[in-house]
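Chain by chain, the residues run as shown.
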Amino acid sequence: MKIALLTRNPKLYSHQRIIRAAQERGHEIVPIDYLRCYMNISSRKPELRYMGEKLSGFDAVIPRIAASHTFYGLAVLRQFEMMGVYPLNESVAIGRSRDKLRSLQLLARDGVGLPVTAFANSTGSTDDILQMVGGAPVVIKLLEGTQGIGVVLGETHKAAKSVIEAFHGAQINILVQEFIKEAEGHDIRAFVVGRRIVATMERSGPEGEFRSNLHRGGSASVAELSAAEKTAALKACQSMGLNVAGVDMLRSKRGPVVMEVNSSPGLEGIEGATGKDVAKDIIVFLEKNAKPNRTKTRGKG
């Protein structure tokens, strides 16, 4: 196959692993900086160009689009889809997962376990919001935050109310979620490829830190999932429409609760913790599924 890898930095560990896995299985893979692409949007002959060259002849595209460039990155991915190129993850599915509010609404609709979450436009309802999610401590999240950035713990009612009102005053959209105390700074990531969980790890935050992100100094180890956790991870991916994702969950008293479904999960942490060749699993999935015009959402938004 000829595979396009949409990335701004092909030297990152995850992208190097994907490139190597594709090459080892005999495929041609081309890193493409999606911000340097431009497109001809026409009815019968959609076209993409990159640094003056026409992009053509691709069998599959692997989108590794940074959260800060979601809008333009997805426009480029949609153009590939219009040209009949098979995407590892479809543009509509990535768009769903990047919108924290929309993704939670979809997961709730499909019965996936979630932390109690509130969203409001007015600071006049702050007291009611805090009561709705079970009272302080609460977790306050920016809708656009990634890698644990923009996540604040409101330890008391007064502190949480001040943070919420400050964000609203700056016209920044936030979610307020219940704090799962029993998780004790640990979470689980299930790495899903197709309809199969290929690797799992437990992440632990540093001492005194409630966030377990590896980018925040957390550590990772192999995790064994319960049947309920496996079901939650697979159902979460299905709700988003993602073929490949990292599903982050907390272990609560009422069972697993899904915190996030990441459409461009990193490989370094999970491959290092588990010893699994996740990059190979991704390429094998493409080998089995990359056929022309197989994008399910093609032409439907």
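Everything here concerns the structure above.
Residues numbered from 1 in each chain as written. Predicted model: local features only at pLDDT ≥ 70, side-chain atom pairs only at ≥ 80, totals over all residues. Heavy atoms only, no water.

J.: Before we move on, could you go through the overall build of the protein chain and cite the residues and values that matter?
T.: Each helix and strand counted, the protein chain has nine helices and 16 strands in total. Relative to a compact globule of 301 residues, whose C-alpha radius of gyration would be 19 Å, the protein chain shows 20 Å and is just as compact. For the protein chain, the spread of C-alpha atoms along the three principal axes comes to 60 × 40 × 35 Å. Counting every position in the protein chain, which comprises 301 residues, the buried fraction comes to 49%. (Helix = DSSP H or I, 4+ residues; strand = E, 2+ residues; numbered from the N terminus. Rg over C-alpha atoms; globule rule 2.2 N^0.38 Å. Buried < 20%, exposed > 50% of the residue type's maximum accessible area, 1.4 Å probe, protein only.)

J.: So what about the environment of Ile65? Which residues, and what values?
T.: Counting through the fold element by element, Ile65 comes out in the loop between strand E6 (60–63) and helix H2 (70–82). Sequence spacing of Ile65 and Asp127 is 62 residues, and the spatial spacing of their C-alpha atoms is 37 Å. Discounting chain neighbours no more than four positions away, the residues touching Ile65 are Leu6, Tyr34, Thr70, Gly73, Leu74, Arg98 and Ser264. (Contact = heavy atoms within 4.5 Å.)

J.: I'd love a proper account of empty space enclosed by the protein, names of residues and values included.
T.: For the coordinates displayed, the defined rule picks out two cavities of 30 Å³ or more. Size it by volume and the largest cavity reaches roughly 100 Å³. Around the largest cavity, the lining residues are Ser97, Lys100, Ser103, Leu104, Leu107, Lys141, Leu175, Gln177, Met259, Glu260 and Val261. If you tally residues by element for the lining of the largest cavity, the top one is helix H4 (residues 100–109), at four residues. Residues of the lining of the largest cavity, tallied by class, amount to five nonpolar, three polar and three charged. Reported here for the second largest cavity is a volume of approximately 40 Å³. Around the second largest cavity, the lining residues are Ile18, Ile62, Pro63, Arg64, Leu88, Asn89, Val244, Ser263, Ser264 and Ile282. Grouping the amino acids of the lining of the second largest cavity by side-chain chemistry returns six nonpolar, three polar and one charged. (1 Å grid on protein atoms, 1.4 Å probe; cavity = no way out; pocket = protein on both sides within 12 Å on 5 of 7 lines; lining within 4 Å. Points joined across faces, edges and corners; volume = space filled by probe spheres on them. Nonpolar A, V, L, I, M, F, W, Y, C, P; charged D, E, K, R; others polar.)

J.: Please give an account of helix H7 (residues 227–240) that cites residues and values.
T.: Every α-helix winds through 3.6 residues per turn, so residues three or four apart in the chain are directed the same way. Over its 14 residues, H7 extends 20 Å from the first C-alpha to the last, a length consistent with the 20 Å expected when each residue adds 1.5 Å. Where H7 is concerned, the buried positions are Glu229, Ala232, Ala233, Ala236, Cys237, Ser239 and Met240. When H7 is viewed along its axis, its buried side chains cluster within an angular range of 160° and face the same direction. For H7, the exposed residues set more than 90 degrees away from the buried face come down to Ala227 and Gln238. Where H7 is buried, its residues contact helix H3 (91–98), H4, strand E12 (186–193), strand E13 (196–204), strand E15 (244–252) and strand E16 (255–262). At the C-terminal side of H7, Gly241 shows a positive phi close to 85°. (Expected span 1.5 Å × (residues − 1). Arc of directions from axis to C-beta.)

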